[in-house]
Amino acid sequence: MSCIRFNTPAQRRQLAADAPAMLTSDDPVAQFLSPAVTASKVARIRRLAGDPDPKIREAAALSYHAPLEVYEALSRDPDAGVRACIAKNEHAPCDILRRLADDPDERVRGFVAINYFVPADAMQALADDPSAVVRGLVDWKARLAVEEGRVDDDRLEPALLAAR
């Protein structure tokens, strides 16, 4: 018996017509739904956050479903890579991103600078960062926001425009 299936054009049209509407998106990623967030998933994230291996803690820091106390603990992790993962996480709370804008590690501050969900006051502080790399990322993000039509030039903070 062959595992190859040969459908006629009429059968392929019928299969496409019977497919659920949510699967007809042109974006292939939209065809895959994430599983529901359960208590066991949150417990697993907590276990990952406590792992001795910083690479495993980074996985927890990148999670969109970590509880606040996990984000808080990982934002104070001794490993800069873990803190950088929190800094780039779009679901990290604003207060944590504000604190990470003052992180001693340039890479962490750089990831805060390019996170679109960082508060304006933290961006203002990063615009005056001692690191030319971080200031450059702030400038790049400001130009990108204008190019994408997210903000107009006249709505950008003066310090961000001065960096341009």
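Residues numbered from 1 in each chain as written. Predicted model: local features only at pLDDT ≥ 70, side-chain atom pairs only at ≥ 80, totals over all residues. Heavy atoms only, no water.

Asker: Can you help me understand the packing of aromatic side chains in this one?
Answerer: One pass over the full model with this rule turns up zero aromatic pairs. A cation over a ring is seen here: Lys88 above Phe111, with NZ or CZ 4.4 Å from the ring centre. (Phe/Tyr/Trp six-rings, centres within 6.5 Å; stacked < 30°, edge-to-face > 60°. Lys NZ or Arg CZ within 6 Å of the ring centre and 35° of its normal.)

Asker: What should I look at first to understand the nonpolar core in this one?
Answerer: Soluble globular proteins tend to pack their nonpolar side chains together in the buried interior. Leu74, Ile86, Leu100, Val112 and Leu126 are the most contacted members of the largest nonpolar core, which has 29 residues in total. Sorting the residues of this core by element identifies α2 (39-49), α3 (54-61), α4 (68-75), α5 (80-88), α6 (94-100), α7 (106-114), α8 (120-127) and α9 (132-147) as the ones contributing at least two each. No other element matches the six residues that α5 contributes to this core. Apart from the residues within four sequence positions on either side, Leu126 is in contact with Ala101, Arg109, Val112, Ala113, Val134, Arg135 and Val138. (Core = buried A, V, L, I, M, F, W, Y, C linked by side-chain atoms within 4.5 Å. Buried < 20%, exposed > 50% of the residue type's maximum accessible area, 1.4 Å probe, protein only. Helix = DSSP H or I, 4+ residues; strand = E, 2+ residues; numbered from the N terminus. Contact = heavy atoms within 4.5 Å.)

Asker: Mind showing me how you'd approach the side chain of Ser131 here?
Answerer: With respect to the helices and strands, the residue Ser131 is situated in the loop between α8 and α9. A polar atom in the side chain of Ser131 sits 3.2 Å from the backbone nitrogen of Val133. One polar contact links the side chain of Ser131 to the main-chain amide nitrogen of Val134, over a distance of 3.3 Å. Those residues in contact with Ser131, other than ones at most four positions away along the chain, are Glu106 and Arg109. (Polar contact = N/O pair within 3.5 Å; in protein donor to acceptor, adjacent residues only side chain to side chain.)

Asker: Any chance you could explain the pattern of salt bridges here in plain terms?
Answerer: When the charged atoms of two side chains lie near each other, side chains of opposite charge can form a pair. Across all of its chains, the model carries ten salt bridges by this definition. Between Asp77 and Arg57 there is a salt bridge, with the nearest N and O atoms lying 2.7 Å from each other. Residue Asp77 is found in the loop between α4 and α5, and its partner Arg57 is found in helix α3; the two are separated by 20 residues along the sequence. Comparing Asp77 with Arg57 shows no difference in burial state: the two are buried. For the salt bridge of Asp95 with Arg98, the shortest nitrogen-to-oxygen distance reads 2.9 Å. One end of the pair is Asp95 and the other is Arg98, both in helix α6 and three residues apart, which spans about a single turn. The exposure class of Arg98 is partly exposed, given its relative accessible area of 32%. Among the charged side chains, a salt-bridge network with shared partners connects Glu72, Arg76 and Arg99. (Salt bridge = Lys/Arg side-chain N within 4 Å of Asp/Glu carboxyl O.)

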